[in-house]
Amino acid sequence: MLDPKDITAVILAGGEGRRMGGADKGLVSLWDRPLVCHVLDRLKPQVAEVLINANRNLDRYRALAPVIPDRDYHSAGPLAGFEAGLSHAPSEWVLFVPCDSPLVPADLARRLCAAVHRHDQIAVVDDGARLHAATALLHQSLLPSLNNYLDGGDRKLQLWYERHQLVPVDFSDEAGAFFNLNTSQALAELEKQRRR
């Protein structure tokens, strides 16, 4: 089995935060700390190294971890972060996690690593109701395919996934760990849950 301590994690914080009024989501506060800090705390014990994919407030992010900005594919969503991560990570396998998933489980890397057996496979979180497509483990050998896809002008993550072997990994036992904070309302709801 692939050892999680041999992989790099990349936190995807390079988005435009349109559904949060243009906020830099990784720096939005939850329980008095930036979202990215919660994700960092959960990933650091699991993997060899954690990088942050960000395009603004780079100095603030650099104070937390090494930062890799998007290269040539601005506004390409998570795929731009995938491209940056696969290009810069020191390991062959790279785990991607969005910055708005502050509750990712402590065994995320281990379970995704156990699911892949070949370089052309992509392990993706399945919470039992839906895939969390941006929480995925990919091998660097997929980078040429990703570059070709992006160079063609395509931006949809699911369409690129259709070109490869997707391995859904069952996290239905921890479905709540993938609570996505895409909006201010979702953030407020999670804040309330902690207070309860």
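Being a predicted model, the structure only gives us computed values, none of them experimental. (Residues numbered from 1 in each chain as written. Predicted model: local features only at pLDDT ≥ 70, side-chain atom pairs only at ≥ 80, totals over all residues. Heavy atoms only, no water.)

S.K.: Explain the overall build of the protein to me, and be specific about the residues and the numbers.
M.R.: The helix and strand tally for the protein stands at seven helices and eight strands. Rg of the C-alpha trace for the protein: 16 Å, near the compact-globule value of 16 Å for 196 residues, within the 12% margin. Across its three principal axes, the protein shows a C-alpha extent of roughly 45 × 35 × 30 Å. Buried residues in the protein amount to 53% of all 196 residues. Restricting to contacts in the protein with at least 6 residues of sequence separation, those with at least 24 account for 70%. For the protein, the accessible area works out to roughly 9,000 Å², and carbon and sulfur atoms hold 48% of it. Side chains of the protein carry 22 positive and 25 negative charges; the gap between the two charge centres is 6 Å. (Helix = DSSP H or I, 4+ residues; strand = E, 2+ residues; numbered from the N terminus. Rg over C-alpha atoms; globule rule 2.2 N^0.38 Å. Buried < 20%, exposed > 50% of the residue type's maximum accessible area, 1.4 Å probe, protein only. Contact = heavy atoms within 4.5 Å. Areas by Shrake-Rupley, 256 points an atom, 1.4 Å probe, with all protein chains shown as cover. Lys, Arg positive; Asp, Glu negative; His and termini not counted. Charge placed at Lys NZ, Arg CZ, Asp CG, Glu CD.)

S.K.: Give a description of the pairing of strand E7 (residues 131-139) that names residues and reports values.
M.R.: When you tally the buried positions in E7, you get eight out of nine residues, the bulk of the element. Bridge count for strand E6 (residues 121-126) against E7 is four bridges, and the pairing is antiparallel. For Val 125, the partnering residue across the bridge sits in E7 and is His 132. The antiparallel hairpin formed by E6 and E7 contains four residues in its connecting segment, where Gly 128 sits at a positive phi of about 100°. (Pairing = 2+ DSSP bridges.)

S.K.: Lay out the pattern of salt bridges with the relevant residues and their values.
M.R.: According to the stated counting rule, one finds nine salt bridges in the structure shown. A salt bridge links Asp 59 to Arg 62; the shortest N-O distance between them is 3.3 Å. Placement of the pair is Asp 59 and Arg 62 together in helix H2 (residues 58-62), with a separation of three residues, close to one helical turn. Of the charged contacts, one joins Glu 83 and Arg 71 as a salt bridge, the two residues approaching to 2.5 Å between their closest N and O atoms. Taken together, the residues Glu 83 in helix H3 (residues 78-88) and Arg 71 in the loop between H2 and H3 connect sequence positions twelve residues apart. (Salt bridge = Lys/Arg side-chain N within 4 Å of Asp/Glu carboxyl O.)

S.K.: Lay out the nonpolar core in plain terms, naming residues and giving numbers.
M.R.: Counting residues in hydrophobic clusters, the biggest one holds 37 residues, and the most contacted among them are Ile 7, Leu 43, Ile 52, Leu 95, Leu 108, Leu 112 and Leu 137. Looking at this core, the elements with two or more residues in it are strand E1 (8-13), helix H1 (35-43), strand E4 (49-54), strand E5 (93-98), helix H4 (108-115), E6 and strand E8 (165-170). With residues up to four places along the chain from it excluded, the contact list for Leu 108 reads Leu 43, Gln 46, Leu 95, Val 97, Val 125, Thr 135, Phe 171 and Phe 178. Membership of the second largest hydrophobic core comes to 28 residues, among which are Ala 76, Ala 89, Leu 138 and Tyr 161. (Core = buried A, V, L, I, M, F, W, Y, C linked by side-chain atoms within 4.5 Å.)

S.K.: Which residues make up the environment of Glu 162, and what values go with them?
M.R.: Relative to the helices and strands, Glu 162 resides in the loop between helix H6 (157-161) and E8. In this structure Glu 162 comes out as exposed when scored by relative accessible area, which is 62%. As for Glu 162 and Arg 118, which are separated by 44 residues in sequence, their C-alpha atoms are 17 Å apart.

S.K.: Mind laying out the packing of H3 against helix H5 (residues 143-151), listing which residues take part and the relevant values?
M.R.: One can describe the packing of H3 onto H5 by two numbers: an axis separation of 10 Å at closest approach and a directional angle of 145°. Our pair here, H3 against H5, has a crossing hand that is left-handed. Contacts between H3 and H5 pair Leu 79, Phe 82, Glu 83, Leu 86 and Ser 87 from the former with Leu 143, Leu 146, Asn 147, Tyr 149 and Leu 150 from the latter. (Axes fitted to C-alpha atoms, helices over the stretch in contact; angles between N-to-C directions. Left-handed = near helix turned anticlockwise from the far one by under 90°.)

S.K.: How would you sum up the sheet that holds E7? Please name residues and give values.
M.R.: Pairing between the strands of a sheet comes from backbone hydrogen bonds, and it takes one of two forms, parallel or antiparallel. Spatially, six strands are ordered E4-E1-E5-E7-E6-E8 in an open sheet, and the strand pairing comes out mixed. One side of each edge strand has no neighbouring strand; the edge strands of this open sheet are E4 and E8. If you compare each strand with its neighbour and ignore which way they point, the axes differ by 30° on average. Strand direction decides the pairing type here: E6 and E8, joined by six bridges, are parallel. When the bridges of E8 are listed, Val 125 appears paired with Val 169. Along the sheet, H4 makes contact with E5, E6, E7 and E8, crossing E6 at roughly 135°.

S.K.: I'd like to hear about unusual backbone geometry, residue by residue, with values.
M.R.: Residues other than glycine seldom take positive phi values, yet Trp 31 does so here, at roughly 50°. Along the polypeptide, Trp 31 turns up in the loop between strand E2 (29-30) and strand E3 (33-34). Located in the positive-phi region is Asp 32, a residue other than glycine, with phi close to 70°. Topologically, Asp 32 is positioned in the loop between E2 and E3.

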